[in-house]
Amino acid sequence: MKEIYERRSIRDFLSKDIPADILHKIIEAALKAPSAKNRQPWSFAVLTWGAKDKLVDLMRQGIEKEYNTMKLLPNSTKYIMSAQHTADIMEQAPVVIVVFNPKGKSLYDNLTPEEKIYERADIQSIGAAIQNMLLEATSLGIGTLWICDTYFAYDDLREHFKDKGEIIAAVALGYPAETPSERPRKTFDEAVDFL
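Quick caveat: nothing in here was measured; it's all calculated off a predicted structure.

J.: So what's going on with the overall build of the protein? Which residues, and what values?
T.: Within the protein, the regular secondary structure consists of 7 helices and 4 strands. Walking the protein from its N terminus toward its C terminus, one meets helices and strands in the order α-α-β-α-α-β-α-β-α-β-α. Taking 2.2 N^0.38 as the reference for a compact globule, 195 residues should give roughly 16 Å; the C-alpha atoms of the protein span a radius of gyration of 17 Å, in line with that estimate. Expressed along its principal axes, the backbone C-alpha trace of the protein runs to roughly 45 × 40 × 35 Å. The proportion of buried residues among the 195 residues of the protein is 41%. If you take every contact in the protein between residues at least 6 apart in sequence, the share linking residues at least 24 apart comes to 84%. When the accessible surface of the protein is summed, it comes to about 11,700 Å², and 52% of that surface belongs to carbon and sulfur atoms.

J.: Break down the packing of helix H2 (residues 20-31) against helix H5 (residues 113-139) for me, citing the residues and quoting the values.
T.: Following both chains from N to C, one finds H2 and H5 inclined at 145 degrees, their axes separated by 7 Å at the closest point. Here the hand of the crossing between H2 and H5 comes out right-handed. Note on element contacts: H5 touches H2 through Ala129, Asn132, Met133, Glu136 and Ala137, opposite Lys25, Ile26, Ile27, Ala29 and Ala30. The residue inventory of the contact of H2 with H5, partitioned by class, reads 7 nonpolar, 1 polar and 2 charged.

Criteria and thresholds
- Residues numbered from 1 in each chain as written.
- Predicted model: local features only at pLDDT ≥ 70, side-chain atom pairs only at ≥ 80, totals over all residues.
- Heavy atoms only, no water.
- Helix = DSSP H or I, 4+ residues; strand = E, 2+ residues; numbered from the N terminus.
- Rg over C-alpha atoms; globule rule 2.2 N^0.38 Å.
- Buried < 20%, exposed > 50% of the residue type's maximum accessible area, 1.4 Å probe, protein only.
- Contact = heavy atoms within 4.5 Å.
- Areas by Shrake-Rupley, 256 points an atom, 1.4 Å probe, with all protein chains shown as cover.
- Axes fitted to C-alpha atoms, helices over the stretch in contact; angles between N-to-C directions.
- Left-handed = near helix turned anticlockwise from the far one by under 90°.
- Nonpolar A, V, L, I, M, F, W, Y, C, P; charged D, E, K, R; others polar.

The structure is reproduced here in C-alpha cells:
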C-alpha cells in the first residue's frame, strides 16, 4: 500500500479548509479499524475554528502548569519545548481530531489486572483506528500529525472534555506546506527475530 510508504508527519500546513466530505472519509476509515472483541472503543471530536482554538489554549495552559509544577510528568521537562511546538502546529492546522476512549480509565485510577488488560487492548484498537485515519488522509492528499503531547495538559483537557471519556491522542490535519523526507527507521534485522 503506497500510503504506508508515503505517509509523513506534517508540521507545517497551508491555510486552506478541508472539505467536509474529505473529513467524513477520514473518520469512516477510522471506524473500519479492527478492535479487540469488536469493542470499538473510540469516539472522535472534529475541531475547527473556535473549538480548535480553545483546545490550543488549554494545551498551552496545561503545558505551562506542567512546566511550573511538574506534577504529572516530572521527568519530561526536556520535552516541554516540543509540546509547546506541538501546540503551535495545532493552532496552524485547519482541523484537529481528538480521539477518545469513552470507557477509558483515568491515569490516576488504580486498575485491577483485568481492567489493565481491557485498557491496553482498547488503546491498541484505537491506535489501529488512528493509523487508518492517517493512511486515508494521505491517500486524499491531506497531511497529518499524530499527537500524544496532549498528556502535558492532561488535567486541563480532561476537565474540558469530561463527558467524552479519556483522551488517547489527537491528530492535526491540513493540506501540507512541506514535503519532509522519511525519518530514520529501524532495519528489518534490528526489529525482527525469527524464533
